Amino acid sequence: MSLLLNQSSKSLNSENLTSIFAAIVVLVIFVGYLLPGDSLFSQALFSRQFADPVFLGLVIMAIFLKVRDAKSIVDPVYWLLLAGAFSAWFLLTLLRLFYWQELSPQAQSLLTNTAYFLFYALMTAAIEVKSYREARELLSGQSLLVLVSTFTFAVGAFVFLVLAPAPTIQQPIYLISADFSFYLLMDIYLTLRWLQLAWVCRKFYWVSYFLMALAMFNWAIADFVESLHVTNANQLNSGTWQDWLWYTPYLLVIAALKVRQSSSIEQNQNLTFSKSHLLNSPLFFVSLCFILYILINNTNEWFSPLSATQSTIFYLWFSLLLLLAIVQLNLFTEQLRHQQKIITDNRLETDVMKQRLLQQTESLKEQAASNKSILETTNNAIFTLNSDYVVQSCNPAACSILGLTKDDIIGQSFLQVTHAEGELSRYFNYKSYQRKLNVENDGIELESTICNSDNEHIPVHITLSKDINNHQGLMVVSVINISKQKKAEEEAHHLKDQFTANMSHEFRTPLTIINGVLDNLSNKNKYAEDIEQLNTAKRNSLRMIRMVDQLLDLSKIGHEPLPVEAIDIIPTIKFSCQSFEKMAIDRSLEFAVSISQSAWVEGNQNALEKILFNLLSNAFKYTQNGKISVTLNHLGGQYSLTVKDSGIGLETSQIESIFERFHRVDSAQTQAIQGVGIGLALVKELCDAMGWTIHVTSALNLGSTFNIVMPAAVPSSADNKAQVDRLTSDKNSQTLAEEIIRSQEFIKAEQNKKSKFSVLIVEDNHDMQAHIEAILSSHHQCLVASDGNEGLRLALDYLPDIIISDVMMPGIDGFELLKAIKNNELTTHIPVIMLTARSDDESKIKGLESEAEDYLSKPFNSKELLLRVNNQLNSRAKLQQKLASQWQADSSKIEATTEIEDQFVTKLNEIFETHYQDCEFSLQSMSKILAMSDRQVQRKVKSVLGLSPLEALKQFRLKQAKPMLDRGDQIGFVAQTCGFTSQSYFGRCFKETYKITPKAYQQSRAQQS
């Protein structure tokens, strides 16, 4: 270790001594220039003979000290080349000092230029070597090309500018000699190379390279000044401070050698470092040669003209560099192809990895869905009750929802700890409900409210089920907190009410204006002939106002308190019934009203009027022949108001939902009757707001009975005359009954005249177009187009049920239109009848070969055309029914009429298979995948399957659920896996479709197996 310390101290001492010695020499020279000119130190003599050897000796000594500190195999080569460059110059100065006078001028010039060439060439080589980490990299194809190009440029420049020019007897003034042209060219080039090396090593000790660049730039200035001196353009005096122009580069080089330089390993760690770049590229050298040639030929006052020998050498030099540039471009092309191949291979590998990641992601999603289902089940509050409904056990979630400990819950009655109310409490208090629970093997689900330890009422979803595996009569109660769901429903309900109210207010202004205009027109004699049409418009506008008022009432209920007071309901009942008496007479209906002289209840007069009107209007709408009655009975402290009819009635399954907003009973008997599902919802909410109760009993084809129970009130001294006057002065109320029946009869008559089918007529002759429309418009909805282009646009926009097209038309003819329709996924199912004046067999065959469903020649019989249209529509309806039944049975067995349609059904099936597990998958998502609008998807799926897209998706999900139920999977897990938002919703859908609950289905399958 002592030996190593001694060696380190010696190395440190030698480097310090070198630095001190160099500083002393420079200081002595500087002081010498401060002395008078006639002193012992001759500045001129030192400048001419001793300055270069002294400074070059210091440089070479500093370089050899650096060789010992090299950290890689390449770095010693760099320092040796750099030492060789300065040594060539140093040997030249020694020759000048001792043997220069014995040599001829030609030999002096040759030695000088050769020494400088070696200086420039070896320094360039040193810079190139510095770009490599290992010596073996110098033997690569790209490296050899760079080295050969750089060597060719340096040698070519030396031969072209130094050796080739012929000597001249007398050079013009201000002319730069060929020798100095070479020096300036190489000085500038090496300046750029050192700067480039400093830039790429800017993170790894770049200062040394930058000082070398400054030294080369200083030498360029010095050579330029000396060139002007040689050509007598500028006079220089040796021994003056002008000499420091030549001394300064040496000082910069010495400083650069004293500053730490980056090693080859360090600088090659920089990703931006490149061994091949612009400054050593053959393309750069070609450009530089060309610029040099142009500069010499166009600036005769600075450079001597080119001789024939120079021109020949230039062409050879330029051609060789151009050849090297072509080789480099070829190498670049090969490298580019290789890189593209690598990129392609990497892309393929990336795609494969993406597929694997997607598969893993799907697997993880499925596993997460399964885990989530289990977690949700685990997080449910679970109670186990004995036959006396005493809690035997509970899980942590049960303690959390009630805010009690297990000790507080176990051993207590379930009703006592939960404070359950309503229907839930009946299952524990009434034997009829208990028997119902015993009958339902798959359990009972309901919503209720419980109370926790803080007396906070919590809405919950309850599942009651018997433990069939345990013979002790235990009951399992699962409780789910649905507070957030209820809150979200209330917020959504509020937003919907707010939107409804805003839209209703916006409707009132234009409706008021319309009414005013209609009143003005009705009062003018010149419109007497149109009075019936004006009255029809007036009735319908009043109906619109009534609908707007009901929407406003619906939006207010629940957000604005309804004032309740003691009212006498008899005047309101009488007036409301009187409004319908004329309608009963006109329609030969028996209308009976049985009420007392006075009846006081707690309520609101306006609300009662709206309730009575809606109940009576429904009774008259749905009763064609029979009886309608209104009865008021006094039952102790209550009054019972009954509205009964003998109309079409309701099925038992429909009664529960008739009070829901915008609900319409979907049956063949109700489709022809107008309504939007507002009236009964308003009735129910008004009754709830006043504390009244409403019940309905109904049987299909036997009529319906609505019964309202109202709390009796103490008679008030208030006069009811104002109420009666307000009712009789209300024009809306006086005309509403008439408006309902007339608008109903008008719409029903219009519906009886026209079918639900739409026909597209494509005909360029307007008279023929009008003729065909006149034949069909009384039976079907008609769309018309004047040419093939417009016909294709209407077909894509409206998807009609049938198309009638002429053959000879401007633009695209009938055959091209037929081809476009049959080849488009949207319209391929639409039957097309070709209608033309060309009756030859060839035209008929061409039309039928193009998949036209029928071909009719002009002139044609109107009845024949109508019959052919109806036949095609009926055939299409039968096919639609067949496809719908097959879809509901097994979607994989659907048979379509054409290949394109089969592709559409197949694509629809594939979409459902991919997305049926996503409960957020909507009509908009389906439309985006099919590249269709929402309306187009609705019409396309409806026309092919006879189902709406969402109904078809629901049927598909139910079919996917059946095999899972067959395997015995948990019902909640099946519901979630198949894309249903909740278990209860899945149960309703399953029961509506298969007439059995999922639990019962599982049990039946288990018994069969």
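The shown structure was predicted, so the numbers you read here are calculated from the model rather than taken from an experiment.

(A) Up close: the overall build of the chain. What the chain contains, in helices and strands, is 36 helices and 17 strands. Of all 1009 residues assigned to the chain, the portion counted as buried reaches 43%. At a minimum sequence separation of 6, the contacts of the chain that also span at least 24 residues come to 68%. Carbon and sulfur atoms make up 56% of the accessible area of the chain, which amounts to about 53,300 Å² in all.

(B) Molecular detail of the packing of helix α20 (residues 605-621) against helix α22 (residues 679-690). Relative to each other, α20 and α22 sit at 145 degrees, their axes nearing to 9 Å. For the crossing formed where α20 meets α22, the hand is left-handed. Only G679, L680, L682, V683, L686, C687 and M690 of α22 make contact with α20, whose side of the interface consists of A607, K610, I611, N614, L615 and N618. Partitioned by chemical class, the residues of the contact of α20 with α22 number 9 nonpolar, 3 polar and 1 charged.

(C) Representation of helix α32 (residues 934-945) within the structure. Across its 12 residues, α32 extends 16 Å between first and last C-alpha, which sits within 8% of the 16 Å expected from 1.5 Å per residue. Listed as buried for α32 are Q936, V937, K940, V941, S943, V944 and L945. Immediately beyond the C-terminal end of α32, within one or two residues, lies G946, with a positive phi of roughly 75 degrees.

(D) Up close: the side chain of Q872. When you line up the elements, Q872 lands in helix α29 (residues 862-889). Of the residues examined, Q872 reaches a relative accessible area of 15% and is grouped as buried. What Q872 contacts, discounting residues up to four positions off in sequence, is I802, P831, I833, E853 and D854.

(E) Region of interest: the pairing of strand β2 (residues 391-394). With 3 bridges joining them, strand β1 (residues 381-385) and β2 adopt antiparallel strand pairing. Looking at the pairing, T384 lines up with S393 of β2. Connecting β1 to the next strand, β2, in antiparallel fashion are 5 residues, including Y389 with a positive phi near 65 degrees.

(F) Highlighting the packing of helix α33 (residues 949-966) against helix α36 (residues 998-1008). Two elements in contact, α33 and α36, have axes separated by 9 Å at closest approach and are oriented at 50 degrees. In this view, α33 runs oblique relative to α36, as classed from their interaxial angle. α36 is crossed by α33, and the crossing has right-handed handedness. Residues K962, L965 and D966 of α33 lie in contact with α36, whose contacting residues are P998, Y1001, Q1002 and R1005. The residue inventory of the contact of α33 with α36, partitioned by class, reads 3 nonpolar, 1 polar and 3 charged.

(G) Examining the pairing of strand β13 (residues 758-762) more closely. Most of β13 is tucked away, with 5 of its 5 residues classed as buried. Side-chain alternation along β13 places S758, L760 and V762 on one buried face and V759 and I761 on a second face that is also buried. Where β13 lies against strand β14 (residues 781-785), 5 bridges are found, and the strand directions are parallel. Within β14, the residue paired with S758 across the bridge is Q781.

(H) Structural view of the pattern of salt bridges. One pass over the full model with this rule turns up 12 salt bridges. Linking R793 and D797 is a salt bridge whose minimum nitrogen-to-oxygen distance equals 3.6 Å. With R793 and D797 both in helix α26 (residues 788-798) and 4 residues apart, the pair spans about one turn of that helix. Note that D854 and R868 form a salt bridge whose closest N and O atoms lie 2.6 Å from each other. Placement of the pair is D854 in strand β17 (residues 854-857) and R868 in helix α29, with a sequence separation of 14 residues. R868 gets classed as partly exposed once you look at its relative accessible area, which sits at 23%. Taken together, the salt bridges that share partners define one network made up of D854, E864 and R868.

(I) Main features of a nonpolar patch on the surface. Side chains of I188, L192, L195, W206, V207, F210 and L214 sit close together on the surface and give an oily, nonpolar patch of about 550 Å² of accessible area. Only α6 (178-200) and α7 (207-230) provide two or more residues apiece to the nonpolar patch. Inspection of the secondary structure assignment puts V207 in helix α7. According to the relative accessible area criterion, V207 is partly exposed, its value standing at 34%.

(J) Up close: the sheet that holds strand β10 (residues 638-645). What the 5 strands build is an open sheet, ordered β7-β9-β10-β12-β11; its pairing is mixed. One side of each edge strand has no neighbouring strand; the edge strands of this open sheet are β7 (590-594) and β11 (693-699). The mean inter-strand angle of the sheet, taken between neighbouring strand axes irrespective of direction, is 15 degrees. Note that β10 and strand β12 (residues 703-711) share 7 bridges and pair antiparallel. Residue pairing in the sheet places L641 in a bridge with I708 of β12. Helix-sheet contacts for helix α19 (residues 570-586) involve β7, β9 (627-635) and β10, and the interaxial angle to β7 is about 170 degrees.

Parameters and conventions
- Residues numbered from 1 in each chain as written.
- Predicted model: local features only at pLDDT ≥ 70, side-chain atom pairs only at ≥ 80, totals over all residues.
- Heavy atoms only, no water.
- Helix = DSSP H or I, 4+ residues; strand = E, 2+ residues; numbered from the N terminus.
- Buried < 20%, exposed > 50% of the residue type's maximum accessible area, 1.4 Å probe, protein only.
- Contact = heavy atoms within 4.5 Å.
- Areas by Shrake-Rupley, 256 points an atom, 1.4 Å probe, with all protein chains shown as cover.
- Axes fitted to C-alpha atoms, helices over the stretch in contact; angles between N-to-C directions.
- Left-handed = near helix turned anticlockwise from the far one by under 90°.
- Nonpolar A, V, L, I, M, F, W, Y, C, P; charged D, E, K, R; others polar.
- Expected span 1.5 Å × (residues − 1).
- Pairing = 2+ DSSP bridges.
- Parallel < 35°, antiparallel > 145°, perpendicular 65-115°, else oblique.
- Salt bridge = Lys/Arg side-chain N within 4 Å of Asp/Glu carboxyl O.
- Patch = residues over 30% accessible without salt bridge, like charges linked within 9 Å, V, L, I, M, F, W, Y side chains within 5 Å.

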